[in-house]
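For reference, the chains in residue letters:
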Amino acid sequence: YIIYKCGICKFEQRVDDKPATGHKFVFTTIRPATCKDEGLEKGACEVCHELYGLTGERAIPVDPANHVCYKEDGELDRDVLVKGIVTDATCIQKGNIEWLCPGCDAVVENEETPFDPANHIHGNKLEDTQSYAATCTVPGKEVFVCVDCNKVLQEKELPALGHDFGDWKDNGDTHTRACSRGDATETAAHGYGDTVWNAWTDNSDGLTQTRTGIDTCTVCGHIEGKSETRTVNADYIVEIYTVDANGNTVPAGTVTLRGKIGDNVSVPADSRVMGGYTLDETRSNLDAVLAEKDTVLRVYFNVNPSTPTPTPTPTPGTTDDDDDDDDDDDEPYTPPTVVVPDEPVPLVPAEVGPVAPVAPVAPVAPVAPVAPVTPPTIEVEDPEVPLANDPGLLAGPLTEAGDDEVPLALRAGWSLVNLLLTIFTALTAAWQLLSRKKKDEDEDEEKVQNAQTTEDEEDKDDRRSRLRLLSLVPAVGSVLLFILNENLRNPMVLVNRLTVVMVMIAAVQVALMVLTAQSEDDQDDRQETAQA
């Protein structure tokens, strides 16, 4: 601009010849901005050197790219870095470490870590091709591998299961049991407990006894019959000898007797002196025990000194008294009384028939289930009165049952369908009457206005009126039938024997309603035609 000044009055006038160019500030960075802190710079106009603002300083906005972790030469200062998210290496993926700027927590470097073969983060799975199940006798094996790299992580041995035998089953001579897994069977001999014996019975031979018994297997319950025989009596021989005064021993005969084995056999006291002879106890083997066989009792009888020495004749055979060879002076010999045992033993025991073997104990038959008791049939005294569930009731009109004046239909529950049909029939009749009344009023008013009515129209009006009045008959009939034949105190059912009659009544009512509607439609058509 140019200032003009008056030389007289000194008035000055400013004339803007050139527009102001404005300041051209030049800034010098005092402190650079970083990712964490603002920077600072100072500026002044390069033309007029006026300072920027009041102080000539202004802030430099934060620079996200200028991280404080870098040195002045631009090299990354790792000593000040902060470790961020660490991703562990796995068996199939390398790991990573994020190094963060301490000023803004920005990731300035990613450090990759090598694979970790031992880090199987996704778990393991059962490897089918190397695994196999255990059997009864062979151990099994489970092999688990990494889901990602299929490396074997664990091998688990499964012990053999052992046989799972079921119950023993009787095969007759043996019993068998089988493994439930079908691997093996096992057969063993029966193991019997104590035999259950019956009483001993005498056999017909008089010498033996037999008893029968039952052996039961303690494992499978097999029953085996058995029997055994024992000898209880035996025959023994009594040899009788006589001794004369000269000490000569002469056989007097033998006797076979029978006694109980184990008993003592001896000469009774009352038989030790007889017929001039006395038992020689020193020579006789008295008190012998009867064995099962080959028991011999030898008894010697000495002639009494005061008794002449008889010359006994042994039986069988004879005895010569003078010891010569002739038989002229041989005399018959009578032996002493036969020796008997201490306990009387019958020589001929009663015959006993063979003992029948004991039949094996039959298993107890299961108790048959008790049959349900069939209630007695009740006869109806009056066959002419059908029961409430007799389908023949629908074949004819409803009749009264007996003296109680109760309709037969009341013997069953009341029908919901019958109630709905009754309501429908009554409402239809009421609707026809009310609609006719309203239409009659409208027609009377129209006739008054038109002042003309033909005879044919009056006849048709009468017919429609009769049809509407006729609709009262089904309505009243259905109401009466429902009241007389349905008892609402009985249980409710959907339909009963009266439903067919109620449906027929409702059908008649619908037919009357259709005829009435057709008649009204014809009248309306004629009126429209006449007006046209």
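Residues numbered from 1 in each chain as written. Predicted model: local features only at pLDDT ≥ 70, side-chain atom pairs only at ≥ 80, totals over all residues. Heavy atoms only, no water.

**Describing the sheet that holds strand 14 (residues 185–189)**
As summarised here, the arrangement of the three strands in space is 12-13-14, forming an open sheet in which the pairing is antiparallel. Looking at the sheet topology across the chains shown, the edges are occupied by strand 12 (169–170) and strand 14. Here strand 13 (residues 174–178) runs beside strand 14; their pairing, made up of five bridges, is antiparallel. The partner of Thr174 across the bridge, within strand 14, is Ala189. (Pairing = 2+ DSSP bridges. Helix = DSSP H or I, 4+ residues; strand = E, 2+ residues; numbered from the N terminus.)

**What to know about the pattern of salt bridges**
The final tally for this structure, using the stated rule, is nine salt bridges. Note that Glu109 is salt-bridged to Arg78, the shortest N-O span being 2.4 Å. On the criterion of sequence distance, the pair formed by Glu109 in strand 8 (residues 107–113) and Arg78 in the loop between strand 5 (57–60) and strand 6 (82–87) is long-range, its members being 31 residues apart. Linking Lys141 and Glu155 is a salt bridge whose minimum nitrogen-to-oxygen distance equals 3.5 Å. (Salt bridge = Lys/Arg side-chain N within 4 Å of Asp/Glu carboxyl O.)

**Brief notes about a nonpolar patch on the surface**
Together, Leu469, Leu472, Val476, Leu480, Ile483 and Leu484 line one region of the surface with nonpolar side chains, adding up to about 570 Å² of accessible area. Per-element tally for the nonpolar patch: the top contributor is helix 3 (residues 472–485), with five residues. In this structure, Leu472 sits in helix 3. Judged by relative accessible area, which is 33%, Leu472 ranks as partly exposed. (Patch = residues over 30% accessible without salt bridge, like charges linked within 9 Å, V, L, I, M, F, W, Y side chains within 5 Å. Areas by Shrake-Rupley, 256 points an atom, 1.4 Å probe, with all protein chains shown as cover. Buried < 20%, exposed > 50% of the residue type's maximum accessible area, 1.4 Å probe, protein only.)

**Structural notes on the sheet that holds strand 4 (residues 39–45)**
Read from one edge of the open sheet, three strands run 3-4-5, paired in antiparallel fashion. Edge positions in the sheet fall to strand 3 (25–31) and strand 5, since each has one partner strand and no second. Neighbour-to-neighbour, the strand axes of the sheet open up by a mean angle of 35°, direction not taken into account. As paired elements, strand 3 and strand 4 share six bridges and run antiparallel to each other. The residue bridging Thr28 from the neighbouring strand is Lys42, located in strand 4. (Axes fitted to C-alpha atoms, helices over the stretch in contact; angles between N-to-C directions.)

**As for the packing of aromatic side chains**
Per the stated rule, a full pass over the model turns up four aromatic pairs. With centroids separated by 6.5 Å and ring planes inclined at 35°, the aromatic side chains of Phe25 and Phe27 adopt a geometry described as tilted. A relative accessible area of 29% places Phe25 in the partly exposed class. Look at Phe25 and Tyr52: their rings are 5.3 Å apart centre to centre, the planes differ by 90°, and that puts the pair in the edge-to-face class. Of the two residues, Phe25 sits in strand 3 while Tyr52 sits in the loop between strand 4 and strand 5, which places them 27 residues apart along the sequence. (Phe/Tyr/Trp six-rings, centres within 6.5 Å; stacked < 30°, edge-to-face > 60°.)

**A short note on the pairing of strand 17 (residues 208–216)**
The buried count for strand 17 comes to eight of nine residues, which makes it a mostly enclosed element. Examined bridge by bridge, strand 15 (residues 196–197) and strand 17 share two bridges and lie antiparallel to one another. Looking at the pairing, Val196 lines up with Ile214 of strand 17. For strand 16 (residues 201–202) and strand 17, the ladder comprises two bridges, and the chain directions are antiparallel. For Thr201, the partnering residue across the bridge sits in strand 17 and is Thr210. Counting the residues in the hairpin turn of strand 16 and strand 17 gives five residues, including Gly206, whose phi is positive at 75°.

**Looking at the confidence of the model for the chain**
Note: predicted coordinates in regions of low pLDDT should not be interpreted at a detailed level. For the chain, the average pLDDT comes to 74, and 72% of its residues sit at 70 or higher. Scored below 50 in pLDDT, residues 309–411 shows 135 contacts in the model against residues more than four places distant or in partner chains. (pLDDT = per-residue confidence, 0-100. Contact = heavy atoms within 4.5 Å.)

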